[in-house]
Amino acid sequence: MTLDGKVAIVAGASRGIGEVTARALARSGASVVLAARDSTAIETVAADIRASGGRALAVPTDVGDSDSAERLVAVTLEKFGRLDAAFNNATDGPVPAPLAEIDPLDFDLGIRTNVRGTFLGMKFQIPAMLASGGGSIVNMASVAGVRGTANLAGYVAAKAGIIGLTKVAALDYADQGIRVNVLAPGPILTYHLEAAGDDVQRRAGQAAPMRRVGLPEEVAATVIWLFSDQSSYITGVTLPVDGGMAAGEKPPLAKNLTRRPAPL
Ligand SMILES: NC(=O)c1ccc[n+]([C@@H]2O[C@H](COP(=O)([O-])OP(=O)(O)OC[C@H]3O[C@@H](n4cnc5c(N)ncnc54)[C@H](O)[C@@H]3O)[C@@H](O)[C@H]2O)c1
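Residues numbered from 1 in each chain as written. Predicted model: local features only at pLDDT ≥ 70, side-chain atom pairs only at ≥ 80, totals over all residues. Heavy atoms only, no water.

1. Focus: helix H2 (residues 39-51)
Item 1. Taking 1.5 Å of rise per residue, the 13 residues of H2 would be expected to cover 18 Å, and the 18 Å separating its terminal C-alpha atoms lies within 8% of that figure.
Item 2. Packed against the buried residues of H2 are helix H1 (16-27), strand E2 (31-36) and strand E3 (55-60).
Item 3. Among the residues of H2, the N-terminal cap falls to aspartate 38, whose side-chain oxygen and the backbone nitrogen of threonine 40 are separated by 3.2 Å.
Item 4. Positive phi appears at glycine 53, one or two residues downstream of H2, with a value of about 95°. (Helix = DSSP H or I, 4+ residues; strand = E, 2+ residues; numbered from the N terminus. Expected span 1.5 Å × (residues − 1). Contact = heavy atoms within 4.5 Å. Polar contact = N/O pair within 3.5 Å; in protein donor to acceptor, adjacent residues only side chain to side chain.)

2. Comments concerning the sheet that holds strand E4 (residues 85-88)
Item 1. Strand order across the open sheet formed by seven strands is E3-E2-E1-E4-E5-E6-E7, with parallel pairing between neighbours. Sheet topology places E3 and strand E7 (238-241) at the edges, where each strand pairs with a single neighbour. Strand-to-strand twist in this sheet, taken as the mean axis angle between neighbours without regard to direction, amounts to 20°.
Item 2. Alignment of strand E5 (residues 135-140) against strand E6 (residues 178-185), held across six bridges, turns out to be parallel. (Pairing = 2+ DSSP bridges. Axes fitted to C-alpha atoms, helices over the stretch in contact; angles between N-to-C directions.)

3. Some remarks on the site of the ligand
Item 1. The environment of the ligand is made up of 27 residues, and the closest members are Ser14, Arg15, Tyr155, Thr190 and His192.
Item 2. A distance of 2.8 Å separates an oxygen atom of the ligand from a polar atom in the side chain of arginine 15.
Item 3. At 3.0 Å from a nitrogen atom of the ligand is found a main-chain nitrogen or oxygen belonging to valine 63.
Item 4. In the complex, the protein chains occlude 92% of the 830 Å² of accessible area that the ligand would expose alone. (Near = heavy atom within 4 Å. Areas by Shrake-Rupley, 256 points an atom, 1.4 Å probe, with all protein chains shown as cover.)

Don't take any of this as a statement about function, it's just geometry.
Here it is, written out as structure tokens:
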């Protein structure tokens, strides 16, 4: 799928899904602007993309800060002259714990990065896209924004907030050439799952009907499709990328249940 001529922002591009998506977008022909707070990490990825013949720029950004989010779009326009696509993918927040044990400041951090960060991202991306003749925004939620997940009060609240924001933005700009969708991935193999070890990874995979975790490349391919004209009539959608989790539960089937009971 080609994104030749398109300019895309990826927030949370220093590692994980954001980094892999930025690299995949560049391979698809897009000019990519990588944003995260860690300037060394995004500059390394951007330099690598450029060394492979792609177009990439690193812009150190705190997505929860209004001036920083505005500057990200301004620098993008200065460098590439237009904005067609944005992936609002940054996250931060409390470590898992029962609700009463979560520090209010950690809770605020999750809301700031996810909800405020996605709001500010879209607030400045949308006028730039309108000036460029339209665009496509993909926000990042989680299965944990669609249904409750124990010990993740801050994360679930933040991701549910992003799903709400996405629906409103999609409605507000549906007749002005801007599509806004949100991903709800299941377990994806990035730093967090890698650090948790093989056993946690195996159990995370077992929770998905496909019986495996997803790869960042599978998320990146979905973003590219949503950025492309192949998805031109799709907006306001919460799209699972979850190996079947949204369809329901698939408990392991005990072998002796696969046989019909003998007739009485
Ligand atoms: N990995 C999974 O299993 C999974 C599942 C569902 C949803 N998600 C979502 O996908 C996204 C990416 O996940 P990941 O596993 O790659 O996460 P990650 O923690 O590896 O990456 C998060 C990125 O956000 C950036 N970031 C954090 N705070 C920021 C801020 N204030 N300003 C700018 N950038 C900031 C980090 O620097 C990093 O680049 C997240 O939104 C996450 O909630 C991940």
